[in-house]
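Listed here are the chains, written in short residue letters.
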Amino acid sequence: GRFPAEPARAGPSDPGEPIAIVGMACRLPGGADDPESFWRILDEGIDATGPLPADRWDVASLYDPDPDAAGKTYAGGGGFLRAIDRFDADFFGISPREAAAMDPQQRLVLEVGWEALERAGYAPAALAGTPAGVYLGAMGSDYRPPAGLPREELDGYAETGSAVAVIAGRLAYHLGLTGPAMAVETACSSSLVALHLACQALRQGECDLALAGGVQVMCAPTALVEFSRLRGVAPDGRCKSF
């Protein structure tokens with residue numbers, strides 16, 4: 001048999017041509033599960049911070065107002081996503097044990113990526129075989145599957161479930177996209193760099209559609225404790241940049 005023809009790729013575009021953002025989706029603290037909710041929070045000045053997530057951590061043993069307390073954080077709250085354990089695995093054709101091994105960041109990327117395409121007017125399944133790209137900023141994974149799950153049930157899934165590189169690849173694979181797929185980690189600028197790379201790829205003709213964004217879910221309090229030692233978090237959980 002013959003190999004199928006490679007999908008036609010867009011050529012390089014005029015470097016001065018604007019990049020069109022045709023759809024957006026999000027999950028943000030304060031219950032902003034769509035762009036409209038996010039804009040409402042901004043417009044009305046709603047405080048989206050909240051207490052430390054008691055369903056995720058042992059808050060009583062984690063918090064200590066003394067900034068010198070080892071292994072503790074003096075921050076009483078912050079901007080945390082809620083219900084990170086919820087995921088419609090069946091919709092994405094993922095088995096329950098693989099879903100349990102997947103970092104919530106990967107689950108969120110699948111859901112939000114699908115929603116972004118729908119909001120842009122695309123039928124996500126219809127993009128299979130097209131040279132669309134995926135560019136995502138991510139800062140590593142601190143997720144550990146629930147302790148009650150037998151190790152043998154996670155074999156084969158634990159590595160892919162926590163690998164940062166898989167965050168972009170899983171979405172591209174699920175949608176059948178043939179364009180570039182990459183996750184980048186440049187600390188706090190990760191999502192901005194991902195957006196920059198997506199724009200460059202579009203201008204250079206490497207893809208004709210790109211999903212770009214970032215994801216960050218703090219599953220373990222390690223980073224919060226570390227930054228508390230550096231006095232790098234605000235006691236009231238509200239950022240005071242510069």
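Rules behind the numbers
Residues numbered from 1 in each chain as written. Predicted model: local features only at pLDDT ≥ 70, side-chain atom pairs only at ≥ 80, totals over all residues. Heavy atoms only, no water. Helix = DSSP H or I, 4+ residues; strand = E, 2+ residues; numbered from the N terminus. Buried < 20%, exposed > 50% of the residue type's maximum accessible area, 1.4 Å probe, protein only. Areas by Shrake-Rupley, 256 points an atom, 1.4 Å probe, with all protein chains shown as cover. Lys, Arg positive; Asp, Glu negative; His and termini not counted. Charge placed at Lys NZ, Arg CZ, Asp CG, Glu CD. Arc of directions from axis to C-beta. Contact = heavy atoms within 4.5 Å. Phe/Tyr/Trp six-rings, centres within 6.5 Å; stacked < 30°, edge-to-face > 60°. Core = buried A, V, L, I, M, F, W, Y, C linked by side-chain atoms within 4.5 Å. Pairing = 2+ DSSP bridges. Axes fitted to C-alpha atoms, helices over the stretch in contact; angles between N-to-C directions. Patch = residues over 30% accessible without salt bridge, like charges linked within 9 Å, V, L, I, M, F, W, Y side chains within 5 Å. Salt bridge = Lys/Arg side-chain N within 4 Å of Asp/Glu carboxyl O. Parallel < 35°, antiparallel > 145°, perpendicular 65-115°, else oblique. Left-handed = near helix turned anticlockwise from the far one by under 90°.

S.K.: Got a minute to help me understand the overall build of the protein chain in this structure?
M.R.: Across its full length, the protein chain carries 9 helices and 5 strands. For the protein chain, the α and β elements follow one another from N to C terminus as α-β-α-β-α-α-β-α-α-α-β-α-β-α. Residues counted as buried form 36% of the 242 residues belonging to the protein chain. Carbon together with sulfur atoms contributes 58% to the accessible area of the protein chain, which is approximately 13800 Å² in total. Placing the 19 positive and 32 negative side-chain charges of the protein chain at their respective mean positions leaves the two points 2 Å apart.

S.K.: How should helix H1 (residues 35-44) be read in this particular structure?
M.R.: Each α-helix winds once per 3.6 residues, and so residues spaced three or four apart point in a common direction. Within the span of H1, buried status applies to Pro-35, Ser-37 and Ile-41. Across the axial projection of H1, the buried residues extend over an arc of 165°, all falling on one side. Within H1, the exposed residues directed more than 90 degrees away from the buried face are Asp-43 and Glu-44. Lining the buried residues of H1 we find helix H4 (104-119). A positive backbone phi angle near 65° is found at Gly-45, which sits one or two residues after H1.

S.K.: So what exactly am I meant to see when it comes to the packing of aromatic side chains here?
M.R.: The geometry of an aromatic ring pair comes down to the distance between the two centres and the angle between the two planes. All chains considered together, the criterion is met by 6 aromatic pairs. Seen in terms of ring centroids, Phe-38 and Trp-39 are 5.4 Å apart; in terms of plane orientation they differ by 45°. Their pairing is tilted. Judged by relative accessible area, which is 29%, Phe-38 ranks as partly exposed. Looking at Trp-39, the relative accessible area reads 49%, which means it is partly exposed. Judged by centre distance (5.1 Å) and plane angle (85°), the rings of Phe-91 and Trp-114 are edge-to-face. Residue Phe-91 is found in the loop between strand E2 (77-78) and helix H3 (96-101), and its partner Trp-114 is found in helix H4; the two are separated by 23 residues along the sequence. Classification of Phe-91 by relative accessible area gives partly exposed; the value is 45%. What makes Trp-114 buried here is its relative accessible area of 17%.

S.K.: I keep staring at the nonpolar core and nothing clicks. Help me out?
M.R.: Most often, soluble globular proteins have nonpolar side chains that are buried together. If you look at the biggest cluster of nonpolar residues, it comprises 31 residues, and the most contacted ones within it are Ile-94, Val-134, Leu-177 and Leu-211. Listing elements by their share of this core, those giving two or more residues are H4, strand E3 (132-138), helix H7 (165-175) and strand E5 (209-215). Element by element, the count of residues in this core is highest for H4, at 6 residues. Aside from chain neighbours lying at most four places away, what touches Ile-94 is Phe-87, Ala-89, Ala-99, Met-102 and Leu-110.

S.K.: Mind showing me how you'd approach the sheet that holds E3 here?
M.R.: In any sheet, the strands associate via hydrogen bonds between backbone groups, in a parallel or an antiparallel arrangement. One open sheet holds the 3 strands; their spatial order is E4-E3-E5, and the pairing between them is parallel. At either end of the open sheet lies a strand with only one pairing partner, and these are strand E4 (181-184) and E5. Each adjacent strand pair in this sheet contributes to an overall mean axis angle of 15°, direction not counted. Of the pairings in the sheet, the one linking E3 to E4 comprises 4 bridges and is parallel in character. When the sheet's bridge partners are listed, Val-134 is paired in E4 with Ala-181.

S.K.: Looking at this structure, how should I read unusual backbone geometry?
M.R.: A negative phi angle characterises most non-glycine residues, just as the trans form characterises most peptide bonds. Phi at Ala-187 takes a positive value of approximately 60°, unusual for a residue other than glycine. Note on placement: Ala-187 falls in the loop between E4 and helix H8 (190-203). Relative accessible area serves as the criterion here: at 39%, Ala-187 is assigned to the partly exposed category.

S.K.: Would you mind showing me how to read a nonpolar patch on the surface here?
M.R.: On the surface, Ile-21, Met-24, Trp-39 and Leu-42 cluster together into a nonpolar patch covering about 470 Å² of accessible area. Tracing the chain through its elements places Ile-21 in the segment before H1. For Ile-21, a relative accessible area of 66% gives the class exposed.

S.K.: Explain the packing of H4 against H7 here, please?
M.R.: Packing of H4 against H7 leaves a shortest axis separation of 9 Å and a crossing angle of 45°. When the axis of H4 is compared with that of H7, the two are oblique. Note that H4 runs across H7; the crossing there is right-handed. Each of Gln-105, Gln-106, Val-109, Leu-110, Gly-113, Trp-114 and Leu-117 in H4 lies in contact with H7, whose residues at this interface are Val-166, Ile-167, Arg-170, Leu-171, His-174 and Leu-175.

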